[in-house]
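Spelled out, the chains give:
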Amino acid sequence: MQQDMIVILDLGSEQNTLIARDIRALGVYTEIHNFDITADELAALPGVKGIILNGGPNRVVDGVSIDASSAVYESGLPLFTVDHCGKTPQDLPAWPEDEAERKAVLSKFVFDTCRAEANWNMENFIADQVELIRRQVGDKKVLLALSGGVDSSVVAALLIKAIGSQLTCVHVNHGLLRKGEPEQVVEVFQKQMGANLVYVDASERFLGKLAGVADPEKKRKIIGAEFIRVFEEEARKLSGVEFLGQGTIYPDIVESGTKTAKMVKSHHNVGGLPEDMQFELVEPLKMLFKDEVRACGVALGLPEGMVYRQPFPGPGLGVRCLGAITRERLEALRESDAILREEFAAAGLMGKVWQYFTVIPDFQSVGVRDNARCFEYPVIIRAVNTVDAMTATIERVDWALLEKITDRITHEVPGVNRVLYDLTPKPVGTIEWE
Ligand code: XMP
């Protein structure tokens, strides 16, 4: 079904996504585009009801104030200028800081001026994407690297709904996943959703490659490169695959740069596949924000625990088992992390604290166990809150809860005799320890 759309033109604002999210929260679809959009590009966008010219501190480039193209002014569509930097070329009133006020202004423009309909919802989104995926893929085959993270899981569920058996998911267990994760991927996607799932247990291979490697960047590189190698080997075993599914989401696109935005981060979901393996990408989530991806996952029937899980780095437990990884410490890390997650969930903190995990260093200390001296590893608990992972504050975890977790870890996890709590915000500490 045709959805109404409000176009946001980026004229140097740092708040494009904020406005985009406000409008989507009103139930109206919106996309962010470059200020110099051409008449043809504008005409190619379906259902456009109005345009927001979103100016801000980056509006003046090399002393010249940038402006939208004449195509925009001649489009005949309702236009609304927003400026966030106080002094504006047209002396517009300041853009309200207050959320309710801002929403009221946007709502007036979107519904009263543009007469847009609030028809953006997950049901329509899924129906549209199923149709688009079927049109793009036809009767061809699609391959998907299914890590079990939120984005790849939601893409998998959407592709299963759209093309079912034409999809093959490959789940590579690099041995650095959290307790129960590979089992959950198999249970949900293979058993419950009936997907073609290739499960590769490459734990031994990864641990072999990582043996004796202590440098964090080297560890990351080995894990990344080996992941691609394993995935590629599996891909070569399948014949006739022309498409590659990817869990790209809207912030990946917006952050990697509209014309006035600074480059924030380059994103690679499965980057680096060899040149002779040419796939066309299927990226059905590329216009969704993270909370919308989660809502989409829930609407597709994925378990909440999978959809609302905390972020987990690609190299997994590999960057939390400090220094050269050993089986003994890796197992202690996995078990202590499982206890932490279990106790946080029981205390109602799941989904409330942004990220929490344990870290295991590569030194031991003296303790007493069963009346005898023991020389064992400590485990460090880290629990942080953040909006964008660029800065973070620590969670003030209840003392009794910390004591309970300490008791469980030191009694249930072999080889661990101390538990520490990391009190460092970011900066100066990063979220991960490596
Ligand atoms: P830092 O440690 O830089 O982490 O404060 C910020 C966020 O990024 C995650 N992180 C990673 N994610 N690959 C990933 O996919 C990585 O190599 C990686 N390193 C850190 C980290 O968990 C936190 O959420």
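The coordinates are above.
Reading the values: rules and limits
- Residues numbered from 1 in each chain as written.
- Predicted model: local features only at pLDDT ≥ 70, side-chain atom pairs only at ≥ 80, totals over all residues.
- Heavy atoms only, no water.
- Axes fitted to C-alpha atoms, helices over the stretch in contact; angles between N-to-C directions.
- Helix = DSSP H or I, 4+ residues; strand = E, 2+ residues; numbered from the N terminus.
- Parallel < 35°, antiparallel > 145°, perpendicular 65-115°, else oblique.
- Left-handed = near helix turned anticlockwise from the far one by under 90°.
- Contact = heavy atoms within 4.5 Å.
- Nonpolar A, V, L, I, M, F, W, Y, C, P; charged D, E, K, R; others polar.
- Salt bridge = Lys/Arg side-chain N within 4 Å of Asp/Glu carboxyl O.
- Buried < 20%, exposed > 50% of the residue type's maximum accessible area, 1.4 Å probe, protein only.
- Pairing = 2+ DSSP bridges.
- Near = heavy atom within 4 Å.
- Polar contact = N/O pair within 3.5 Å; in protein donor to acceptor, adjacent residues only side chain to side chain.
- Areas by Shrake-Rupley, 256 points an atom, 1.4 Å probe, with all protein chains shown as cover.

## As for the packing of helix α6 (residues 150–163) against helix α11 (residues 290–299)
Two elements in contact, α6 and α11, have axes separated by 9 Å at closest approach and are oriented at 45 degrees. Relative to α11, the element α6 is oriented oblique. Read as a crossing pair, α6 and α11 show a hand that is left-handed. Each of Val 150, Asp 151 and Val 154 in α6 lies in contact with α11, whose residues at this interface are Lys 290, Val 293, Arg 294, Cys 296 and Gly 297. When grouped by side-chain class, the residues that make up the contact of α6 with α11 number 4 nonpolar, 1 polar and 3 charged.

## Some details on the pattern of salt bridges
Considering all chains together, one arrives at 26 salt bridges under this definition. Taking the shortest distance from any N to any O, the salt bridge between Arg 220 and Glu 217 comes out at 3.6 Å. Of the two residues, Arg 220 and Glu 217 both sit in helix α9 (residues 216–237), 3 residues apart, roughly one turn of that helix. A relative accessible area of 45% means that Glu 217 is categorised as partly exposed.

## Examining the sheet that holds strand β8 (residues 167–173)
To summarise the sheet geometry, strands pair through backbone hydrogen bonds and adopt either a parallel or an antiparallel arrangement. The strand order across the open sheet formed by 5 strands is β9-β8-β7-β10-β11, and the pairing between neighbours is parallel. Only two strands of the sheet have a single partner each, and these edge strands are β9 (196–201) and β11 (280–282). Direction aside, neighbouring strands of the sheet carry axes that sit 30 degrees apart on average. Here strand β7 (residues 141–145) runs beside strand β10 (residues 241–245); their pairing, made up of 4 bridges, is parallel. Considered in β10, the bridge of Val 142 is made with Phe 243. Packing against the sheet, helix α5 (residues 122–137) makes contact with β7, β10 and β11, and its axis sits at approximately 165 degrees to β11.

## Considering the site of the ligand
Around the ligand, the neighbouring residues are Arg 220, Pro 313, Gly 314, Pro 315, Trp 354, Gln 355, Ala 389, Lys 426, Thr 430, Ile 431 and Glu 432. At a separation of 2.6 Å, an oxygen atom of the ligand approaches a polar side-chain atom of Arg 220. Gly 314 places a polar main-chain atom, nitrogen or oxygen, 3.0 Å from an oxygen atom of the ligand. Relative to its free-state accessible area of 490 Å², the ligand is covered by the protein chains to the extent of 70%. Here the residues of the shell around the ligand are counted per class, giving 5 nonpolar, 3 polar and 3 charged.

Any link to function would need more than the numbers given here.
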